Protein chains: 2
Amino acid sequence: MPEVDIVLVEPLYEGNVGFAARVMKNFGFKNLVLVNPCRLGDEAIARSSHARELLESAERITLEEVFERSSLTIATTGTLGKSVTNPMRMPYYSPAELRKIIEPIDGRVSILFGRENWGLNNEEVRRADIICTIPTSDEYPIVNISHAVGIICYELAALPRGEYLLATRLEMDCLYHHISTFLDRIEHPPEKRATTLLLIRRLLGRTLLTAREASTVHGLLRRTEWHLDHPEGDKSDQVPPDSNDPC
Amino acid sequence: MPEVDIVLVEPLYEGNVGFAARVMKNFGFKNLVLVNPCRLGDEAIARSSHARELLESAERITLEEVFERSSLTIATTGTLGKSVTNPMRMPYYSPAELRKIIEPIDGRVSILFGRENWGLNNEEVRRADIICTIPTSDEYPIVNISHAVGIICYELAALPRGEYLLATRLEMDCLYHHISTFLDRIEHPPEKRATTLLLIRRLLGRTLLTAREASTVHGLLRRTEWHLDHPEGDKSDQVPPDSNDPC
């Protein structure tokens with residue numbers, strides 16, 4: 001991934017600048033560039049919350065300098081009107097497509113966000129290498145600038161969901177085997193067996209069990225088996241097994 | 001897709017409610033549900049901008065009613081700490097995964113967003129069917145509620161990028177053919193031909209030309225050919241062709 005600069009071109013409201021800084025940091029982006037911004041005061045600081053340092057370290061340079069130093073410059077634009085053959089604003093890419101385009105770039109990519117009232121002007125769009133448009137509802141396509149920055153940063157970060165341990169193939173096979181022997185134990189009719197096992201496999205398969213969930217289902221089966229083997233009055237001689245031995 | 005209700009649980013700041021309404025409408029969502037919200041005044045209305053009617057038509061019901069009437073209830077939570085085996089907040093899905101899960105559902109899906117200061121409490125999370133977490137940077141994982149609503153709505157809407165006309169396979173093949181004859185015309189060395197055509201195919205292939213762009217490249221080649229055929233002094237007898245005939 002390249003260095004990504006988020007460039008706000010002549011933002012009009014300090015609250016939006018603060019909010020944009022915050023959501024950038026939420027997704028791990030740090031380089032905020034401000035081109036001729038409004039005055040930033042207490043509201044910008046309040047809205048930036050724990051991303052105040054992004055505001056304070058924001059570069060203030062001209063758009064000329066942005067274009068000069070960037071390997072690739074992206075113009076973000078609102079959803080287009082009818083003149084879709086106008087090459088100035090065509091073709092455009094979605095944020096997800098943009099990620100794939102810039103991923104292999106080793107250099108600086110600058111992403112321009114326009115003014116709250118009328119976006120980027122034609123000359124600014126013309127000079128950009130690539131156009132990116134967030135797909136929106138026709139009924140109300142004007143996205144607040146901080147929301148637009150948030151969605152672009154969310155897509156470009158493509159942060160992993162975070163790790164959690166799904167049950168392995170072996171653990172799932174052990175579980176299916178256990179269920180099969182359990183069906184024997186409760187005298188499930190042999191002629192229905194294949195269909196029922198398939199149904200269970202479909203059901204548990206699509207839930208993507210975590211290792212812990214698989215282990216808990218094992219445990220519940222074992223505990224049930226113990227009670228089947230130890231009918232009323234026979235309970236005192238052994239506690240139900242709760243080990244986690246696979247199979 | 002099901003009906004999707006965006007449920008803000010005890011939101012504390014009216015500005016966030018207004019902003020959430022706005023970004024919902026940006027992505028075509030209309031059902032705003034408020035559980036014991038703060039007072040909504042001028043700031044909420046101002047922030048909602050052209051989504052004021054969502055604020056005004058927002059349902060105010062109890063969380064109990066939300067759970068009762070929903071086919072599926074989703075709890076959104078911040079990025080987790082260490083106790084990743086806690087089944088209360090595990091397993092969790094990303095917004096993109098959530099979309100795939102709810103897509104086939106025909107009914108009402110409610111998505112809960114918690115309070116700005118401490119999210120959803122354990123009891124609220126416990127009762128939800130599915131957990132959804134927006135992946136964030138460890139350094140600053142606390143996403144403003146309106147940004148969270150925006151990202152979820154953006155993902156669930158999965159709006160098409162919008163249509164623009166890419167050159168068809170036939171148009172691209174015509175263009176490659178034209179380029180090949182052009183290379184003949186400028187006496188490009190035959191032994192280099194295959195490699196050069198491949199390079200051009202790779203280059204134009206990855207740019208995904210629009211129909212208009214392909215047509216313009218054709219036109220430029222034709223115009224160049226005309227000038228090659230009409231050296232200096234011979235210009236007056238014909239204007240360069242600018243037709244769009246394929247091949």
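Fair warning: this is a prediction, and the values are worked out from it, not measured in the lab.

Reading guide: rules and limits
Residues numbered from 1 in each chain as written. Chains lettered and ligands numbered in written order. Predicted model: local features only at pLDDT ≥ 70, side-chain atom pairs only at ≥ 80, totals over all residues. Axes fitted to C-alpha atoms, helices over the stretch in contact; angles between N-to-C directions. Helix = DSSP H or I, 4+ residues; strand = E, 2+ residues; numbered from the N terminus. Parallel < 35°, antiparallel > 145°, perpendicular 65-115°, else oblique. Left-handed = near helix turned anticlockwise from the far one by under 90°. Contact = placed C-beta atoms within 7 Å. Nonpolar A, V, L, I, M, F, W, Y, C, P; charged D, E, K, R; others polar. Pairing = 2+ DSSP bridges. pLDDT = per-residue confidence, 0-100. Buried ≥ 20, exposed ≤ 12 C-beta atoms within 10 Å, placed from the backbone.

So, the packing of helix H8 (residues 169-185) of chain B against helix H10 (residues 211-229) of chain B
Residues and elements named next belong to chain B.
Phase 1 of the analysis: At their nearest, the axes of H8 and H10 sit 10 Å apart, and the two run at 20° to each other. Judged by the angle between their axes, H8 and H10 are roughly parallel. H8 and H10 meet at a crossing whose hand is left-handed. Contacts between H8 and H10 involve Glu171, Met172, Leu175, His178, Ile179, Phe182 and Arg185 from the first element and Ala211, Ala214, Val217, His218, Leu221, Glu225 and Leu228 from the second.
Phase 2 of the analysis: Within the contact of H8 with H10, the residues separate by chemical class into 9 nonpolar, 2 polar and 3 charged.

Some details on the interface of chain B and chain A
Buried accessible area, meaning the area lost when the parts come together, often serves as the stated size of an interface.
Phase 1 of the analysis: Contact with chain B, which involves 36 residues of that partner, is made by 36 residues of chain A.
Phase 2 of the analysis: Elements with a contribution of two residues or more to the side of chain B that touches chain A: helix H1 (14-26) and helix H7 (145-157) of chain B.
Phase 3 of the analysis: For the side of chain B that touches chain A, the element with the most residues is H1(B), which contributes 5 residues.
Phase 4 of the analysis: The residue inventory of the side of chain B that touches chain A, partitioned by class, reads 18 nonpolar, 13 polar and 5 charged.

Thoughts on unusual backbone geometry
Phase 1 of the analysis: A positive phi is found at A:Glu10, a non-glycine position, where the angle reads about 50°.
Phase 2 of the analysis: In this structure, A:Glu10 sits in the loop between strand S1 (3-9) and helix H1 (14-26).

Quick look at the sheet that holds strand S6 (residues 108-113) of chain A
Residue and element names in this part refer to chain A.
Phase 1 of the analysis: The strand order across the open sheet formed by 7 strands is S3-S2-S1-S6-S4-S7-S5, and the pairing between neighbours is parallel. Each of the sheet's edge strands pairs with one partner strand only, and the pair in question is strand S3 (59-60) and strand S5 (92-93).
Phase 2 of the analysis: Against the sheet, H1 makes contact with S1 and strand S2 (31-35), and its axis sits at roughly 165° relative to S1, the strand it touches most.
Phase 3 of the analysis: Here helix H7 (residues 145-157) sits on the sheet and contacts S1, strand S4 (72-77) and S6; the angle it forms with S6, its principal contact strand, is near 150°.

Focus: the sheet that holds strand S3 (residues 59-60) of chain B
Residues and elements named next belong to chain B.
Phase 1 of the analysis: With parallel pairing, the 7 strands of this open sheet are ordered in space as S3-S2-S1-S6-S4-S7-S5. For this open sheet the edge positions go to S3 and strand S5 (92-93), each flanked by a neighbour on one side alone.
Phase 2 of the analysis: Across 2 bridges, S5 lies against strand S7 (residues 130-133) in parallel orientation. Looking at the pairing, tyrosine 93 lines up with cysteine 132 of S7.
Phase 3 of the analysis: Running over the sheet, H1 touches strand S1 (3-9) and strand S2 (31-35) and is turned about 165° from S1.

Some details on the confidence of the model for chain A
Phase 1 of the analysis: With 90% of its residues at a pLDDT of 70 or more, chain A shows a mean pLDDT of 88.
Phase 2 of the analysis: If you check the scores for this complex, the pTM reads 0.79 and the ipTM reads 0.75.

Digging into the pairing of strand S4 (residues 72-77) of chain B
Residue and element names in this part refer to chain B.
Phase 1 of the analysis: Across the 6 residues of S4, 5 count as buried, placing the element largely inside the fold.
Phase 2 of the analysis: Of the strand pairs in this sheet, S4 and strand S6 (residues 108-113) are connected by 4 bridges, and their pairing is parallel. Note on S6: the bridge partner recorded for threonine 73 is serine 110.
Phase 3 of the analysis: Note: S4 against S7, 4 bridges, orientation parallel.

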